Amino acid sequence: MKDSTRKILDSAFTAFSRVSLFIVGTAVIGFILPIALKGIGAFMFTATVEHEKFLSENLDYSLSKSDKERIRKSDAARQKLWEMIDSYESSKDSSQPLEKISDLRISTFNKAIKDKDKLKSILSQTPSKRAKLIKEYAEGAWRAYADALDDAERGASGFLFQKFISEQERKLESDAEIFAEEICKGAKISRMARNSLRRNFITYPISLLNACRERFAEKNSAYLSMKGGIIELIGPRSLKEKEDMKLTRQKYGQTRLDIAQRVLSEDIAKISIRKISQGGIPIMDRVSSKEYFGNSVPGQILEYVEKHFDELLQPHFTIYPGFFTDNPIDANIFGGIYPMILGTFYLTVCAMIVAAPLGIAAAIYFSEYAGNGRIANFLRMCVGTLAGVPSIVFGLFGLAFLINTIKVSDGKSVFAGSLTLALLILPTIIRTCEESLKAVPNSYREGALGLGAGKWRAICGVILPAALPSMLTGIIISMGRAAGETAPIIFTAATSAGLAIGLSDIFTQPTPALPWNIYNICSEHEMAERVGHVQYGMALTLICIVLFLNLSAIFIRAKLQNANKNK
Amino acid sequence: MESGKKHSLIMGGGQNFMREISQRIGRGLLLSITAIPTLAIIFMIFFIAKEAAPFFGNLSHTLEFFTSSNWAPSSQNSPHFGALAIFYGTAMVTLGSCVIAIPLGIFAAVCLNEISKKAAFFKPMVELLAAIPSVVYGFFAIVIFAPILQEEGGILIAAAVFLLGTTASIVIGICAGEIFAEKAFKGYFAKRSLLIKAIMILSGIFATFELSLSAANLKIESGTNAFNASVILAIMALPTIVSLSQDALQAVGRDMREGSLALGATRAETIIKVVLPCAKSGIAAAIILGLMRVIGETMVVWMASGNALKIPEPFFNFFEPVRTMTATIAGEMGEADQSTGSDRYHVLFAMSFCLLIGALIMNAAGQFIGGSFRTIKK
Amino acid sequence: MTTLVQERKNKHIQNVQNSPVMTSADYVITARDFSVYYGEYKAVKDVNIALNRGKVTSIIGPSGCGKSTFLRCINRMNDLVPGCRTTGKLMMEGIDLYHKRLDVVELRRKVGMVFQRPNPFPKSIYDNVAYGVRLKGRPPQTQLDGIVETSLRRSGLWDEVKDRLKSSALGLSGGQQQRLCIARALAINPEVLLMDEPCSALDPKSTARIEDLIAELSGEYTIAIVTHNMQQAARVSDYTAFFYEGVLVEFGETSKIFTNPKNEKTNDYITGRFG
């Protein structure tokens, strides 16, 4: 091979390795950075006025002066909005044309009664011809009514018109009955012919009204869709409406500006309308509100909301330290993550209390007593094997053995979870502690024994203190692992919802815990888009706990190495 | 006794006895604590086997378990226990993460140990990667990586394919061109090797380009799929592979490297032909232990793999959701454990029994290979 | 050699030839005011020396006197030591070995090295010898066989290993391993052979064999050997250099150094007063 080729291959190899190391070395930044950036938003964010309202009413926070001022301002802006909505819904101004329609209905019937003779002649025809002729006649008679209806629909707004249509329909039916009686009075007309007259004469206006109602239903669903969005944005109107709501999330508007903006752009600026597809099946369709409503009253309401968005919600930057100390309310949509942090703390500390003494004891046995005999090697091999068991199997073991067989508790409990976690981290602790003990120079042992100390005295008095800092490093790192493990606690300790438990409950109660709730809120939450910040906040909290533990371990180790160098 | 009064070196009977007893008790206590992991292993195998036994006792169910992919363990009328798709999903995700993690990990370890001068910075970074809890990896996979994959996946993969393919075709083109020119034409074309190399490189780049074009048009239906899980699992396995491989590389003596360099080998040749072969058992152990982390991992696959109960179509399609053993156990045991004694409960324990046995075998292999590597080191 | 650096710098040769230490004409390696630093510590101090073509030069001195450091600079093995840097000139046939465009890989093929501890690769005997040759492409099998046989014959190992060329080199004895390392170095046909205490890890019998081998190889190769063993230096070398605390104290024909040293330190050392 040519030298130049060998050199190129050499540089290519070097470059490949460097790139690989770069990827591996910076991957951790790639993971943590996005989570950290968004996770900070869980407790430092632009809040709306609803945030303070929620806190003061549910978590006993007091309102500051500026908060009260904001609430006052937003209430003023909202007052106008509700007035617009009221006036649309009652639609007082459309009563004039409606009266005209009623008049036209009565006059059409009266006119038709005057054509009695013509109608009678039609009724004497054969049934099939008869129906057709009546329909033709009716269309002419109802023309003015139809025009008036069209006019009214164009100008009409709100619910009154819909009510009016139903009323008209009912009245048409009853009027038609009277009308048929009137026509048939005194003449010898069959019952069938009479019914045909009654039905066919009003088929046309009723179909008009039906179409009108259909259009109005669509318009109304569109309006209601937008109104629902507005209520989601700023919360229900009155105290009574608020109390009627079952879920906390329905009692308040959006507490965070980012979600509020999303609600505005997705639930208010876009609406879903009910349409009948070609196959006759009703479908929901998403359209732009602006295009749909145009310049009508709902369009004006939309414009008002968009224009006065800031006044309605009063966005302001806030820091919410309660994220770490408050209980969650309504499936994590409001409040903090205190129970999860506390649960993780309980689980980790309990696991540590169980595992650390056992681990240290086993490490002492391995390093000071066992030597390299067959039994010791077998025990060592088992430690290695336990370290390789998948974590989910630990969870199953906790379920099948600790809970179902020896019944450390009825069902899941913090204690059962801690024992499982302790077992999981035991091999790591044994290994690191054994290594630390072995790193203690033999001269220490010989020195202590040489001074006449017993073996046990030498271990407790000299060797353990010498190895302690480095053992601490290993123990802290395994603590980090215990804090982050999920699979072992799924079946033994974790519950997805619940409040913080007291110290006395750890033997009987399951607890929420950060790792499990991160899974839960990512994969099984019914309103994932509303709790994005909580997801990130929880993940960031867990990362911070684990990284804090690990960094302190690294720090202790670095100090230790320095101390050793200085010796 | 005389000796007792004179505080002699020979202890009195009672004193001697007490000390002996207390030492024995202390030693016994330590031994029994040390035996906890051993007991745990035995109990673990026993209890999981006990709960799995009712399932394996039924021969037709067992046969179905390993041969069919019809999984409906909770069905009232006709329950099915075919776990083939689940085994396949596990294998697929494991294979995928191996393909990513092994070369990356070994290259990184080589760079960390032999090439980079910034090891003091990168080494703690790799350790931190190992410290991140698996559920956070899962969170990343489902909340951040999956949407990216779903929307920009095709372009991302095309870019990766193009970058990798171009560099690979340049390197392979040079090597192959050289060998081709030397061997195939017995030196006749040796002078024109540059031309041959250029042709090879260009055709390689062209093929890569075509490949990445088709990759760019790839439509990924769901961001949670085997590829997503493989990538994230690979990153999880990397710290294990990197640090254990680095240990193995460190154990290769300086004299080996010097011997090779003194014969005029380049650094790459030294590493590939001498250092890596010397460290191969340690690296193999590192890979096995990294693999174990992949197979035993629960949260990431549960969250990132999509949990679809079927073998992808075609079978190598990594952009389809799959389901793994650990995810099945974690996901279904919650629904099954109330009805202790049900078929579903037992089949899940049967699955974890397979998982446990697999892990034990791999662990033994890892310890055996790693152990032999350690003795060489001594 | 012209491939080592693109341009030859003849004036360096002249500079070296004017230096006072040089007496004979045909030098392969010449050092002029050559110093080596490990960080702040100066391990080799302003050395001026020239190694004669086809001769064996031994470098003696107490531990830590910089003799190994100097030897390892000749094929740039010290590049591997972090913080190592040099000043002054070290030249091979007129080419500056620390020129920034020098091809180190090519240099190491010209200057072979045998280390203190035998370091055969964990491969077969055959592969060990063929390793250096194969780096430059794969010659036909018969040619390779020939090179391996010649190298092994020259290092005197052929008769001992010809039946088990495919077995692992780690199965050989220490002395055989060291001769295998010499064979490995010879296989790529170097001009200079550096030996860094090649016998310190070997028993007397193996040492004798290596010394015989050095005697056989002299004339054909320029050999520099670092040794602790003064008898060995006296036995195998044509020239001897005595290093003390990084300074080249005395350099001359072996017979003169050992019978009539000019410097008192040299005298003390070779008579065993220190070291």
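The structure presented is a predicted model; accordingly, all values stated were derived computationally and were not measured.

A. Local environment of the overall build of chain A. Scanning chain A for helices and strands turns up 24 helices and six strands. The C-alpha atoms of chain A give 39 Å as radius of gyration, which overshoots the globular expectation for 567 residues (24 Å, by more than 25%). Dimensions along the principal axes, computed over C-alpha positions, put chain A at roughly 135 × 75 × 55 Å. For chain A, the residues scored as buried account for 43% of the 567 residues in total.

B. Molecular detail of the overall build of chain B. Looking only at helices and strands, chain B features 15 helices and two strands. In chain B, once contacts between residues fewer than 6 apart in sequence are set aside, the share between residues at least 24 apart is 75%.

C. Structural view of the interface of chain B and chain A. With 74 residues of chain B in contact, the opposing surface of chain A contributes 74 residues. Partitioned by chemical class, the residues of the side of chain B that touches chain A number 54 nonpolar, 15 polar and five charged.

D. Summary view of the nonpolar core. In terms of nonpolar packing, the biggest core is built from 276 residues, with A141(B), I232(B) and V300(B) touching the most fellow members. If near-sequence neighbours (up to four positions away) are discounted, A141(B) is found in contact with A146(B), N228(B), A229(B), I232(B), V300(B), M303(B) and A304(B). Counting residues in each nonpolar core, the second largest holds 25 residues, with A222(A), A260(A), I268(A) and L313(A) among its members.

E. A look at the environment of L424(A). Turning to its location among the elements, L424(A) is positioned in helix 19 (residues 414-439). Separated by 29 residues in the primary sequence, L424(A) and G395(A) have C-alpha atoms spaced 9.5 Å apart.

F. Examining helix 16 (residues 338-370) of chain A more closely. All names here are of chain A. With 33 residues, helix 16 ought to run about 48 Å at 1.5 Å a step, and its terminal C-alpha atoms sit 45 Å apart, in line with that. At A355, helix 16 shows its largest kink, close to 25°, and the proline P357 lies no more than four residues downstream. At the exit of helix 16 stands G371, carrying a positive phi of roughly 70°.

G. The arrangement of the packing of helix 5 (residues 141-154) of chain C against helix 7 (residues 174-187) of chain C in detail. Residue and element names in this part refer to chain C. Remark: helix 5 packs on helix 7, axes separated minimally by 8 Å, with the N-to-C direction vectors making an angle of 130°. Compared by their axis directions, helix 5 and helix 7 come out oblique. Handedness of the helix 5/helix 7 crossing: right-handed. For the pair helix 5 and helix 7, the contacting residues are I147, V148, S151, L152 and R154 in the first and A183, L186 and A187 in the second. Residues belonging to the contact of helix 5 with helix 7 are distributed by class as follows: six nonpolar, one polar and one charged.

H. Quick look at the domain arrangement of chain A. All names here are of chain A. Partitioning chain A into structural domains gives domain 1 (52-89 + 222-322), domain 2 (94-221) and domain 3 (334-566). Computed from C-alpha atoms alone, the centre-to-centre distance between domain 1 and domain 3 is 48 Å. Contacts between the two partners involve six residues from domain 1, matched on the other side by five residues from domain 3. For the side of domain 1 that touches domain 3, the residue count by class is three nonpolar, two polar and one charged.

I. A look at the environment of I74(C). Residues and elements named next belong to chain C. When you line up the elements, I74 lands in helix 2 (residues 67-74). Assessed through the 22 C-beta atoms surrounding it within 10 Å, I74 is described here as buried. Through-space distance from the C-alpha of I74 to that of L157 is 27 Å; in sequence the pair is 83 residues apart. Apart from the residues within four sequence positions on either side, I74 is in contact with I29, L90, V111, L194 and A224.

J. Main features of the interface of chain B and chain C. Counting from both sides, the interface comprises 15 residues of chain B and, opposite them, 20 residues of chain C. The element contributing the most residues to the side of chain B that touches chain C is helix 10 (residues 254-262) of chain B, with six residues. Here the residues of the side of chain B that touches chain C sort into eight nonpolar, three polar and four charged.

K. Just the packing of helix 9 (residues 226-251) of chain B against helix 12 (residues 280-296) of chain B, in detail. Residues and elements named next belong to chain B. Axis separation between helix 9 and helix 12 bottoms out at 8 Å; the angle between their running directions is 160°. Here helix 9 lies roughly antiparallel to helix 12, going by the angle between them. The way helix 9 lies across helix 12 gives a crossing that is right-handed. Touching L233, M236, A237, T240, I241, L244, S245, D247, A248 and A251 of helix 9 are G282, I283, A285, A286, I287, L289, G290, L291, R293 and V294, all from helix 12. Here the contact of helix 9 with helix 12 is built from residues that sort into 14 nonpolar, four polar and two charged.

L. Structural view of helix 10 of chain B. Taken residue by residue, helix 10 of chain B has R257(B), G259(B), S260(B), L261(B) and A262(B) as its buried positions. Its buried side turned inward, helix 10 of chain B meets helix 11 (267-278) of chain B together with helix 3 (104-110) and strand 6 (111-114) of chain C. Downstream of helix 10 of chain B by one or two residues, G264(B) has phi in the positive range, about 85°.

M. View of the confidence of the model for chain B. Residue and element names in this part refer to chain B. Mean pLDDT over chain B: 85, with 90% of residues reaching 70 or higher. The model gives residues 1-5 a pLDDT under 50, and that stretch makes four contacts with residues more than four places away or in other chains. Two summary scores accompany this predicted model of the complex, namely pTM at 0.85 and ipTM at 0.88.

N. Looking closely at the pairing of strand 6 of chain C. Residues and elements named next belong to chain C. Side chains V111 and M113 of strand 6 all project onto a buried face; the interleaved residues G112 and V114 project onto the opposite face, where all are buried too. As judged from the four bridges shared by strand 6 and strand 7 (residues 192-196), these two strands associate in the parallel manner. For G112, the partnering residue across the bridge sits in strand 7 and is L193.

O. Local environment of unusual backbone geometry. All names here are of chain B. The amide bond that connects E313 to the next residue, P314, takes the cis arrangement and shows omega of -15°. Looking at the secondary structure, you find P314 in the loop between helix 13 (299-304) and helix 14 (325-336). A positive phi angle is found at N307, which is not glycine, with a value near 55°. Among the structural elements, N307 can be located in the loop between helix 13 and helix 14.

P. Main features of the environment of R85(C). Residues and elements named next belong to chain C. Locating R85 in the fold gives a position in strand 4 (residues 84-92). Look at R85 and you get exposed, because 12 C-beta atoms sit within 10 Å. Placed 66 residues apart in sequence, R85 and S151 show a C-alpha to C-alpha distance of 35 Å.

Cut-off values and rules
Residues numbered from 1 in each chain as written. Chains lettered and ligands numbered in written order. Predicted model: local features only at pLDDT ≥ 70, side-chain atom pairs only at ≥ 80, totals over all residues. Helix = DSSP H or I, 4+ residues; strand = E, 2+ residues; numbered from the N terminus. Rg over C-alpha atoms; globule rule 2.2 N^0.38 Å. Buried ≥ 20, exposed ≤ 12 C-beta atoms within 10 Å, placed from the backbone. Contact = placed C-beta atoms within 7 Å. Nonpolar A, V, L, I, M, F, W, Y, C, P; charged D, E, K, R; others polar. Core = buried A, V, L, I, M, F, W, Y, C linked by C-beta atoms within 7 Å. Expected span 1.5 Å × (residues − 1). Bend = angle between axes of the 7 residues up to and from the residue. Axes fitted to C-alpha atoms, helices over the stretch in contact; angles between N-to-C directions. Parallel < 35°, antiparallel > 145°, perpendicular 65-115°, else oblique. Left-handed = near helix turned anticlockwise from the far one by under 90°. Domains from an automatic or database assignment. pLDDT = per-residue confidence, 0-100. Pairing = 2+ DSSP bridges.

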